[in-house]
Structure formats: structure tokens, C-alpha cells
Amino acid sequence: SSLRDLRAGGEYDRVVLIGPDHVRAAGAGAATSDLPWETPFGLLRADPESVSRLSAAGAARVEPDTLSHEHSVAGIVPAIAYYLPDAEIVPLALRGDLDIGQVRALARALAPLLDDGTIVVASVDFSHYQSAAEARARDAETLAAMEAMDSRAILSFGDEHLDSPPTIALLSEMMRLLHRGEFTLRQHANSGELTGLFRPPVTSYVTGYYR
């Protein structure tokens, strides 16, 4: 629904899509790809110039195989192709062991790309392996850190908060660099609430945006 709203709200020609490298296949802290993506809705082109700049700066390594097997990125690509078919994509899969220095360096490398025609999509699950009540409490802590753009706090979290703290820390760092501090929460639920089956463990889902 968020991508549908973006299509209705303006013209976008680039999507920076960030998610976790779940299986730690990336040879560097961040993997990217300059290849196009085949989807049921046509070909989604990469932004090879931006990918090349990130690679040249040492911010990400071009590893198409890592990206094609990472569902946090590959699973979102068809929706981007459907709702924003004219956009080009800069995909990134982040290893879970990125530290604050690496996150800030990557944010600085990405910041020049973030013009009015670019959106950033972070594909991350929130609280894992908790009861529904515990998940709500952990999500409140994560959302407070996001609103404060406290990247160090975000990076200190584990699976009880996020499946990819570096992804959310990177998002927060980019917004801090751009002075976009207002986080708006649109939707917040967990798998127990969505299915009516409240037996633990549950996984939390958050939809929101910085503006």
C-alpha cells in the first residue's frame, strides 16, 4: 500500500532498496547489483551509474548472486516494478555485523543519491521470537530510537527488536544527514494480531516513513 501511495503522490525515477543479508553470503558489509531484474511485471532496471559509484567508493561490493538469493530484496522487487515501473533500482543487502563507522560511511556514500526523485525502501522484520506483549514493548523501544535517529542504540538491538539493525540504522543515518527527522508511523501489527493466533513466537511488522 505504501508503494501504491508513492505512485499516486509523485514521479520517482530511483529506488534505493535496503534489506538484510540473511545468510551472510555477502563478501563485504554491503552487497549490490547492477543487473536488471526480471519480474512478472516486466524488467526492472538497475541504476548502474549509482551502483558503480558505491562500488568505487568502497561502500558496497557488486555481487549479483548474493542479491538474487536474498528475499528481503528480491521479494520486494516485483512490487517496485508494478507500482514504479519507470524507476531504476539501487539494491543493497547488509550483513548483520556492520558497525557504526561502516553504517555512517555508507550513509554518506548514499546521501548524494537522495534527491526529490529518489525514495528509500527498508525491508526489515521487527521483533522476533517473543510473545505478542513482549514484541509490543520491544517495538516501542525500536520506534523511539528511530524517532530519535539514535543509530548506536539501533545497532545494539538483536532479534528481539529487528532482523537487521544495520538496515534501520542506515535509514536513520541517511535521514539525519538530510535533516529529515520526522518519522510517521502508519501501521504496526504482529503476526499474532494478524492471524488471531497469539501463541509465541510472533513477528512484528511496521510501516512508516520519514519526511
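Owing to the predicted nature of the structure, the values given are computational and were not obtained by experimental measurement.

Draft legend 1. Expanded view of the sheet that holds strand S7 (residues 118–122). Strand order in the open sheet formed by five strands is S5-S2-S6-S1-S7, with mixed pairing between adjacent strands. The open sheet has two edge strands with one neighbour each: strand S5 (61–62) and S7. Of the pairings in the sheet, the one linking strand S2 (residues 30–32) to strand S6 (residues 88–94) comprises two bridges and is antiparallel in character. Opposite Ala 31, over in S6, you have Ala 93 as the bridge partner.

Draft legend 2. Spotlight on helix H9 (residues 165–177). The end-to-end C-alpha distance of H9 is 18 Å, a good match for the 18 Å that 13 residues give at a rise of 1.5 Å each. The buried fraction of H9 amounts to eleven of the 13 residues, a majority that puts the element mostly inside the structure. For H9, the set of buried residues is Pro 165, Pro 166, Thr 167, Ile 168, Ala 169, Leu 170, Leu 171, Ser 172, Glu 173, Met 174 and Met 175. The first or second residue beyond H9 is His 179, which carries a positive phi of 60°.

Draft legend 3. Highlighting the packing of aromatic side chains. What the rule picks out here adds up to three aromatic pairs. For the pair Tyr 82 and Tyr 83, a centre-to-centre distance of 4.9 Å together with 85° between the ring planes defines the contact as edge-to-face. By way of ring pairs, the aromatic residues Phe 41, Tyr 82 and Tyr 83 are connected into one cluster.

Draft legend 4. Representation of the environment of Leu 113 in the model. Summarising the element assignment, Leu 113 is placed in the loop between helix H6 (100–110) and S7. Between the alpha carbons of Leu 113 and Val 15 there is a distance of 9.7 Å; along the sequence they are 98 residues apart. Once you skip the residues sitting within four places of it in the chain, Leu 113 turns out to touch Arg 14, Ser 50 and Thr 118.

Draft legend 5. Summary view of the side chain of Glu 63. Examined against the element boundaries, Glu 63 turns out to sit in the loop between S5 and helix H3 (64–68). Filtering out sequence-adjacent residues up to four positions away, Glu 63 remains in contact with Ala 25, Ala 26, Gly 27, Ala 28, Ala 31 and Thr 32.

Draft legend 6. Region of interest: helix H2 (residues 48–56). Taken as a whole, H2 has its buried residues at Ser 50, Val 51 and Leu 54. Each buried residue of H2 sits inside an arc of 100° when the element is viewed along its axis, so together they form one side. Exposed and facing more than 90 degrees away from the buried side of H2 are Glu 49, Arg 53 and Ala 56. Where H2 is buried, its residues touch strand S1 (14–20), S2, S5, S6 and H6. Taken from the residues just after H2, Gly 58 is the one with a positive phi, measuring 75°.

Draft legend 7. Region of the structure containing the nonpolar core. If you look at the biggest cluster of nonpolar residues, it comprises 35 residues, and the most contacted ones within it are Leu 92, Leu 110, Met 146, Ile 154, Leu 170 and Met 174. Mapped onto this core, the elements with two or more residues apiece are S1, H2, S6, H6, helix H7 (132–147), H9 and strand S9 (204–210). Considering each element in turn, this core owes the most residues, six residues, to H9. Aside from chain neighbours lying at most four places away, what touches Met 146 is Phe 126, Ile 154, Ile 168, Ser 172, Phe 183 and Tyr 210. Ranked by size, the runner-up nonpolar core spans 19 residues in total, among them Ala 26, Ala 31, Val 77 and Tyr 83.

Draft legend 8. Representation of the environment of Val 51 in the model. If you trace the backbone, Val 51 turns up in helix H2. Given the relative accessible area of 1%, Val 51 is considered buried. Taking C-alpha positions, Val 51 is 37 Å from Gln 130, a pair spaced 79 residues apart along the chain. Leave out the neighbours within four places in its chain, and Val 51 touches Thr 32, Ser 33, Asp 34, Val 62 and Val 90.

Thresholds, definitions, all that
Residues numbered from 1 in each chain as written. Predicted model: local features only at pLDDT ≥ 70, side-chain atom pairs only at ≥ 80, totals over all residues. Heavy atoms only, no water. Pairing = 2+ DSSP bridges. Helix = DSSP H or I, 4+ residues; strand = E, 2+ residues; numbered from the N terminus. Expected span 1.5 Å × (residues − 1). Buried < 20%, exposed > 50% of the residue type's maximum accessible area, 1.4 Å probe, protein only. Phe/Tyr/Trp six-rings, centres within 6.5 Å; stacked < 30°, edge-to-face > 60°. Contact = heavy atoms within 4.5 Å. Arc of directions from axis to C-beta. Core = buried A, V, L, I, M, F, W, Y, C linked by side-chain atoms within 4.5 Å.

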